[in-house]
Amino acid sequence: MLKDAGKSDLKVKIITYSNPRPYNSVGGQKLAESVQNYLAKIGVTATIDSYNWTDYKAKLANGEGDIFFYGWTGDNGDADNFLSLLDSHEIKSTLNASQYSSPVVDALLIKGRALPNGTARDKVYQEIQQVAAKAAPWLPLSHSQVLAAYSPKVTGFSVHPTGSVFFSGVDK
């Protein structure tokens, strides 16, 4: 398809983080190398620059790299906790790392935040997902798994639906 489009000898720069993240326990370097290998199979040459998290965030803010990796671990289960990452007002803060900008999504986020939990609010966030799916500002690659050991000696322990672990009320 690239050749048919007149694109050959493509070169891209991947920037990544060097440390493990909650959503990527192997770290960004291995993820970048995996993507680099896939790209090589279709004739795209990718270089990788890896940075500590602080420097990486600065590189993202400056718009460096053609490909970068970002993840999110929700801590409350609310749709806005994830979809706020598409808020164009968060581009400068790098929370919207994709630098996606949509007046439609911005307006829907404002509307959704003003509504109480329920069907009407759910529909607003579903609409945001539909708009975002068509625009494809992200390419989801993976998700983490939360693991927890169990022992009948421990009482009051559970894993929250968001994957968070709270030890309040846990006893042995």
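Right above here is the structure, for reference.
What you see is a predicted model; the values in this text were computed from it and never measured. (Residues numbered from 1 in each chain as written. Predicted model: local features only at pLDDT ≥ 70, side-chain atom pairs only at ≥ 80, totals over all residues. Heavy atoms only, no water.)

(A) View of the pairing of strand 1 (residues 11-17). Among the seven residues in strand 1, five count as buried, and that is most of the element. As defined by bridge partners, strand 1 adjoins strand 2 (residues 45-51) across seven bridges and the pair is classed as parallel. In the strand pairing of strand 2, Tyr17 is matched with Tyr51. With respect to chirality, the unit in which strand 1 leads through helix 1 (residues 28-41) into the neighbouring parallel strand 2 is right-handed. Relative to strand 3 (residues 67-68), strand 1 runs parallel, the two sharing two bridges. When the bridges of strand 3 are listed, Ile14 appears paired with Ile67. (Buried < 20%, exposed > 50% of the residue type's maximum accessible area, 1.4 Å probe, protein only. Helix = DSSP H or I, 4+ residues; strand = E, 2+ residues; numbered from the N terminus. Pairing = 2+ DSSP bridges. Right-handed = clockwise from strand over helix to strand, strands pointing away.)

(B) Quick look at the nonpolar core. Of all hydrophobic cores here, the largest spans 16 residues; its most connected members are Ile14, Tyr17, Leu39, Tyr56 and Phe69. Those elements that provide at least two residues to this core are strand 1, helix 1, strand 2 and helix 2 (53-61). The element that contributes the greatest number of residues to this core is strand 1, accounting for four residues. What Leu39 contacts, discounting residues up to four positions off in sequence, is Val12, Val44, Ala46 and Ile67. Among the nonpolar cores identified, the runner-up in size contains 10 residues, and Val105, Leu108, Leu109 and Val124 belong to it. (Core = buried A, V, L, I, M, F, W, Y, C linked by side-chain atoms within 4.5 Å. Contact = heavy atoms within 4.5 Å.)

(C) A look at the environment of Asp78. Position of Asp78 relative to the elements: it lies in the loop between strand 3 and helix 3 (79-83). Look at Asp78 and you get partly exposed, because its relative accessible area is 22%. Linking Asp78 and Gly163, residues 85 residues apart in sequence, is a C-alpha distance of 13 Å. There is a polar contact of 2.8 Å between the side chain of Asp78 and the backbone nitrogen of Asp80. (Polar contact = N/O pair within 3.5 Å; in protein donor to acceptor, adjacent residues only side chain to side chain.)

(D) The packing of aromatic side chains, seen in detail. One pass over the full model with this rule turns up six aromatic pairs. Here Tyr17 and Tyr56 contribute two aromatic rings whose centre-to-centre distance is 5.5 Å and whose plane-to-plane angle is 75 degrees, an arrangement assigned as edge-to-face. Within this pair, whereas Tyr17 is found in strand 1, its partner Tyr56 is found in helix 2, the two being separated by 39 residues in sequence. The burial state of Tyr17 is the same as that of Tyr56; both residues are buried. Ring geometry for Trp53 against Tyr56: centres 5.6 Å apart, planes inclined by 40 degrees, an arrangement best described as tilted. (Phe/Tyr/Trp six-rings, centres within 6.5 Å; stacked < 30°, edge-to-face > 60°.)

(E) Quick look at unusual backbone geometry. Positive phi values are uncommon outside glycine, yet Gln99 reaches one of about 55 degrees. Following the sequence through the fold, Gln99 ends up in the loop between helix 3 and helix 4 (103-114). Residue Gln99 is classed as partly exposed on the basis of its relative accessible area, which comes to 40%. Its identity as a non-glycine residue notwithstanding, Ala136 has a phi of 50 degrees, on the positive side. Within the secondary structure, Ala136 sits in the segment after helix 5 (119-135).

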